[in-house]
Amino acid sequence: MSLRNLDHLFSPKSVALIGASDRPHSVGATVWTNLSRGYAVQGDPKLMAVNPRLTQLQGWPVYPDVASLPQTPELAVIATPPATVPALITQLAQRGTRAAVVLTAGMDGDHGDGRTYRQAMLDAAKPDVFRILGPNCVGLLVPTLQLNASFAPTDALPGKVAFVSQSGALVTAVLDWARARDIGFSHFISLGDASDVDVGDVLDYLATDPHTQSILLYLEDIRNARKFMSAARAAGRNKPVVILKAGRVPEGARAAASHTGALAGHDAVYDAAIRRAGLLRVLTTEALFDAVETLARARPLIDESLIILTNGGGPGVMATDALMLSGGALATLSQETMAALDKVLSPNWSHGNPVDIIGDAPVTRYQQALSILLEHQSSNPVLFIHAPTAIVPSVDIAHALAPAIAQSRHHVIACWMGGASVGEARQIFSQAGLPHFGTPEDAVQGFMQVVEYRRNQRLLMQVPSAGTPTDDLDLAAARAVIDRALAEGRMMLTEPEAKMLMQACHIPIAETRVAHSPEEAAVLAQAIGFPVAVKLLSPDISHKTEVGGVALDLASVVAVKEAARAMQQRLALLRPDAKLNGFSVQAMIRRPDAQELIVGITSDPIFGPVLLFGQGGIAVEVLQDHALALPPLNDVLARDTIMRTRVSKLLAGYRNRPAADMNAISQVLIQVAHLAAELPEIAELDINPLLADASGVIALDARVLLKPLQLRHPHDRLAIRPYPQALEEVVQWRGSTLTLRPIRPEDGEAHLRFFSALDPVDVRFRMFMHMRELQTSQLARMTQIDYDREMAFVAVRPREDGSDETLGVVRAVADPDNINAEFAIIIRSDLKGLGLGQMLMTKLIAYFRQRGTQMIVGEALSDNHAVIELTKNLGFEIRSQPGTGTVELRLSLC
């Protein structure tokens, strides 16, 4: 992951086209026409052409090779045969060029030395960090520079939206489609094969680009999940990112040893990743651009329940249908709202939501109804629908409503149904910056896009409750079970072994014993106490019910013997190849109000381990009620996963059934996710069923499929780096015991208390401004860090209630190239000057030195003498910055 030299690619001061051509309709000719049309006027030396057989092209001089160019181009565009590309990259790098757009396809041919042309190209680029967009791409457009370094058939209009695509064909189609609709772009980028610059690099660049307000992505696949997730989460905190992901339908179902493996489809994993990053996924190209328009104009959503205001019953019903089928909700009108509407509307209005003000409504009726809804239902968004009538011109209604909506803080979207008769009304709303649509269904879809995006953003910004959810996991016991099975050459744990794994997670299980014969099963059953359940044990049988391998409610010795013998006979008949190891005998659990759930792990080839939660039982694959999440999880993420299933409504309680213990269910998800993160040998895991009711949870059955360990570190395969517990350190400080550790999302409450204890002067020193309190988004950003890119160490000590008290924090964010890490530090005001700052800074310096960062840098106000003195004692170079009131702090780690 690197931002190095991307400025040369996306904001070049000079460009050379290598392979410029005079052959009509060739790539070289088309690109030259696009470049010379806007980027530079004829004769401007910032645009150069290279072709050994030409001396002039359309009045411009043409140079025979790279060495002959009159100046070093910041960006090269290459449209030459594959065999020429590696040498061209070498020549350009020697001249000092640091970026190229390689349009050439066919780069997997043989270079002649055991390498492909692609690998030879990358090898030539590597020593100078020479950046390559492509190969096999359409090119790059930067409208603000009038740069069209592509063979697209048209230019892009300037705007604030960046479009990034892995499909060249879609680039040209969308460009034409957007121009016809007056949609402008800050950047239009075709990634092609993304051999060097990939979607993660581009997201990192665009996330901080001041010319880009929102980012659109068309993705077909992701090759580096952690790089993508880090870049996507960072970009998602800064601006809207909308993704159109192709490949939603799998080519075929894969064989899986568990229900989780069968249920966790690859596209559903992408969904979980996109949601985790706080982005929005759409399903069509048109929805991609609608989403940007809607999100850019959306007001804050306080309540997601929608009010529909319409002048016709039919459109109101259509909107209601679309809303409910999309998982939305209608708002309930208060008695005050109903009374106020009764005073201004005709007696035959709908008296409910949708609010139908009837087709004969004059302009004043629209104004009065909307004003009442905005005043009395202050937290609800409003969808205004107008079907044209001959009674009042649509343009009059638009003129009357647009100013009120624009000045309101409410989220209001409009639907102007019809064609030419409402065209001017739509234009008025567009000029006022108000979102509008042509049909009720499209309007509802736009609204639900905002809802989904806000939900994902809230999830990204949530601060979990205090606690340390992973302390109860007995990793040593879990690993002992797995190591024993692998040592014996077994890839499937027995049911008792799987339950031992559950015990290591402190998940309650039904008492289970192993019998090697029907007679022994009867003896064990009598010892456990009737009734019992008996299940066959076979390493060759994954789903025991498929061979009649489960018998429930056995109430006597005779019943147990007969059931076990029948299982033996059925197994011999149905699966004569299967080995029978015996039977498990367990107490029959009576939980009549419990819901059957499934919690599982599977491994995705891109995103690594994935957790699944949903409705369990033998019909789990038929019910198709489940949600996926990427580990690691905390309480907020676990509860969100639960709430995205239909069974969550049953778990909340209904009729006389009390609600299930959501804390217990959430804890199971957290522990299983931690198990997935720490034990890469687990390929698939099912806990099914997991019974859940008001008294807690209990696992009745579990199966675990293993795989040999192939990674140096278990966290290498995770899309999101988990909490680095190994960095925790216990130290002595002034007679008390402190813990220096990485910050956790659960530190939110402690961080608020810490901030409240700071002197305003210290806050100004840290924030460079006066600030009375931390906003929720700021708190989330400080406590929910990406451990792959940044680090924050806190010094904590225990309070009387067992929670942590934060005494100081130091943090630093490394750039994607790991060259510089920018740091900041603050110590609780009453504890300054006692050595805490030096302890934290020393730990931070050691951490970044170990990860290979070259420089730690920072900035301090000139009157922040404490930090200046601290860093000076630690070897920092202090550089004054005249006229800024600040000093620069620099420490080389090389």
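Above this note sits the structure.
Structural notes, computed from the coordinates. Because the structure is a prediction, the values reported are computed rather than measured.

## With respect to the overall build of the chain
The helix and strand tally for the chain stands at 29 helices and 38 strands. Computed over the C-alpha atoms, the radius of gyration of the chain is 32 Å, within 12% of the 29 Å expected from 2.2 N^0.38 for a compact globule of 894 residues. Taken along the three principal axes of its C-alpha coordinates, the chain extends 100 × 80 × 70 Å. Taking all 894 residues of the chain together, 55% fall into the buried category. Across the chain, the fraction of contacts at a sequence separation of at least 24, relative to all contacts at a separation of at least 6, is 70%.

## Digging into the packing of helix H10 (residues 285-297) against helix H16 (residues 440-461)
In contact at an axis separation of 9 Å, H10 and H16 are set at 70 degrees when each is read in the N-to-C sense. As the angle between them shows, H10 and H16 are arranged roughly perpendicular. Where H10 crosses over H16, the two elements pack in a sense that is right-handed. Contact residues: Ala287, Asp290, Ala291, Thr294 and Leu295 in H10; Gln445, Gly446, Gln449, Val450 and Tyr453 in H16.

## Here we look at the environment of Leu552
Relative to the helices and strands, Leu552 is located in strand E23 (residues 550-554). When the C-alpha positions of Leu552 and Met588 are compared, they lie 7.3 Å apart, and in sequence the two are 36 residues distant. Ignoring any residue separated from it by four or fewer positions in sequence, one finds Leu552 in contact with Val532, Ala533 and Met588.

## Quick word on the pattern of salt bridges
This model, assessed by the stated rule, comprises 49 salt bridges. Note that Asp267 is salt-bridged to Arg281, the shortest N-O span being 2.7 Å. Placement of the pair is Asp267 in helix H9 (residues 266-276) and Arg281 in strand E14 (residues 280-282), with a sequence separation of 14 residues. Judged by its relative accessible area of 15%, Arg281 falls in the buried class. Of the charged contacts, one joins Asp483 and Arg479 as a salt bridge, the two residues approaching to 3.9 Å between their closest N and O atoms. Of the two residues, Asp483 and Arg479 both sit in helix H17 (residues 475-487), four residues apart, roughly one turn of that helix. Accessibility expressed as a relative area gives 37% for Asp483, which makes it partly exposed. Residues joined in a network through salt bridges with shared partners are Arg131, Asp196, Asp198, Asp201 and Lys227.

## Examining the packing of aromatic side chains
Within this structure, the stated rule accounts for 13 aromatic pairs. Ring geometry for Tyr270 against Phe607: centres 5.1 Å apart, planes inclined by 85 degrees, an arrangement best described as edge-to-face. With Tyr270 in helix H9 and Phe607 in the loop between strand E25 (595-604) and strand E26 (608-615), the pair connects residues that are 337 residues apart, well separated along the chain. There is no split in this pair, since Tyr270 and Phe607 are both buried. Ring geometry for Tyr847 versus Phe848: centroids 5.0 Å apart, planes at 85 degrees, classification edge-to-face. What makes Phe848 buried here is its relative accessible area of 0%. An aromatic cluster is defined as three or more aromatic residues linked by ring pairs; in this entry it consists of Tyr366, Phe384, Trp416 and Phe429. Positioned over the ring face of Tyr39 is Lys46, at 4.4 Å from the centre of the ring. Seen from the ring of Tyr270, Lys245 lies directly overhead, with NZ or CZ sitting 4.3 Å from the centre.

## Regarding the nonpolar core
Of all hydrophobic cores here, the largest spans 68 residues; its most connected members are Leu9, Val101, Leu203, Leu217, Phe228, Met229 and Phe607. Those residues in contact with Phe607, other than ones at most four positions away along the chain, are Ile222, Ala225, Met229, Val269, Tyr270, Ala273, Leu630, Arg717 and Ala719. Judged by nonpolar contacts, the second largest core, of 50 residues, contains Phe755, Leu774, Leu844 and Phe848.

## Quick notes on helix H18 (residues 495-504)
With eight of 10 residues buried, H18 lies mostly within the body of the structure. Positive phi appears at His506, one or two residues downstream of H18, with a value of about 60 degrees.

## Examining the sheet that holds strand E7 (residues 131-133)
The strand order across the open sheet built from seven strands is E3-E4-E2-E1-E5-E6-E7, with neighbouring strands paired in mixed fashion. What marks the edges here is a single partner per strand, and that holds for strand E3 (56-57) and E7. When strand E6 (residues 99-102) meets E7, the two strands line up parallel, connected through three bridges. Bridging from a neighbouring strand, Ala99 pairs with Arg131 of E7.

## Brief notes about a negative patch on the surface
Negative charge collects at one region of the surface, where Glu286, Asp321, Glu441 and Asp442 lie side by side. Tracing the sequence through the fold places Asp321 in helix H11 (residues 313-325).

## Some words on the side chain of Asn634
Structurally, Asn634 is set in the loop between strand E27 (626-629) and helix H22 (635-643). Reaching out from Asn634, the side chain makes a polar contact with the backbone nitrogen of Val636 at a distance of 3.1 Å.

## Topic: the pairing of strand E2 (residues 47-50)
Covered by surrounding structure in E2 are Leu47 and Ala49 together with Met48 and Val50, the residues of both alternating faces. Here strand E1 (residues 15-18) pairs with E2 via four bridges, running parallel. Bridged to Val15 within E2 is Leu47.

## Topic: the sheet that holds strand E8 (residues 139-142)
The seven strands lie next to each other as E9-E8-E11-E10-E12-E13-E14, forming an open sheet whose pairing is mixed. At either end of the open sheet lies a strand with only one pairing partner, and these are strand E9 (147-150) and E14. Averaged over all pairs of adjacent strands, the angle between their axes in this sheet comes to 20 degrees, without regard to strand direction. Bridge count for strand E10 (residues 157-165) against strand E11 (residues 184-190) is seven bridges, and the pairing is parallel.

## Description of the packing of helix H3 (residues 85-95) against helix H4 (residues 117-125)
One can describe the packing of H3 onto H4 by two numbers: an axis separation of 8 Å at closest approach and a directional angle of 5 degrees. Here H3 lies roughly parallel to H4, going by the angle between them. Across the interface between the two elements, Val85, Pro86, Ile89 and Thr90 of H3 pack against Tyr117, Ala120, Met121, Ala124 and Ala125 of H4. Its residues assigned to classes, the contact of H3 with H4 comprises eight nonpolar, one polar and no charged.

What counts as what
Residues numbered from 1 in each chain as written. Predicted model: local features only at pLDDT ≥ 70, side-chain atom pairs only at ≥ 80, totals over all residues. Heavy atoms only, no water. Helix = DSSP H or I, 4+ residues; strand = E, 2+ residues; numbered from the N terminus. Rg over C-alpha atoms; globule rule 2.2 N^0.38 Å. Buried < 20%, exposed > 50% of the residue type's maximum accessible area, 1.4 Å probe, protein only. Contact = heavy atoms within 4.5 Å. Axes fitted to C-alpha atoms, helices over the stretch in contact; angles between N-to-C directions. Parallel < 35°, antiparallel > 145°, perpendicular 65-115°, else oblique. Left-handed = near helix turned anticlockwise from the far one by under 90°. Salt bridge = Lys/Arg side-chain N within 4 Å of Asp/Glu carboxyl O. Phe/Tyr/Trp six-rings, centres within 6.5 Å; stacked < 30°, edge-to-face > 60°. Lys NZ or Arg CZ within 6 Å of the ring centre and 35° of its normal. Core = buried A, V, L, I, M, F, W, Y, C linked by side-chain atoms within 4.5 Å. Pairing = 2+ DSSP bridges. Patch = residues over 30% accessible without salt bridge, like charges linked within 9 Å, V, L, I, M, F, W, Y side chains within 5 Å. Areas by Shrake-Rupley, 256 points an atom, 1.4 Å probe, with all protein chains shown as cover. Lys, Arg positive; Asp, Glu negative; His and termini not counted. Charge placed at Lys NZ, Arg CZ, Asp CG, Glu CD. Polar contact = N/O pair within 3.5 Å; in protein donor to acceptor, adjacent residues only side chain to side chain. Nonpolar A, V, L, I, M, F, W, Y, C, P; charged D, E, K, R; others polar.

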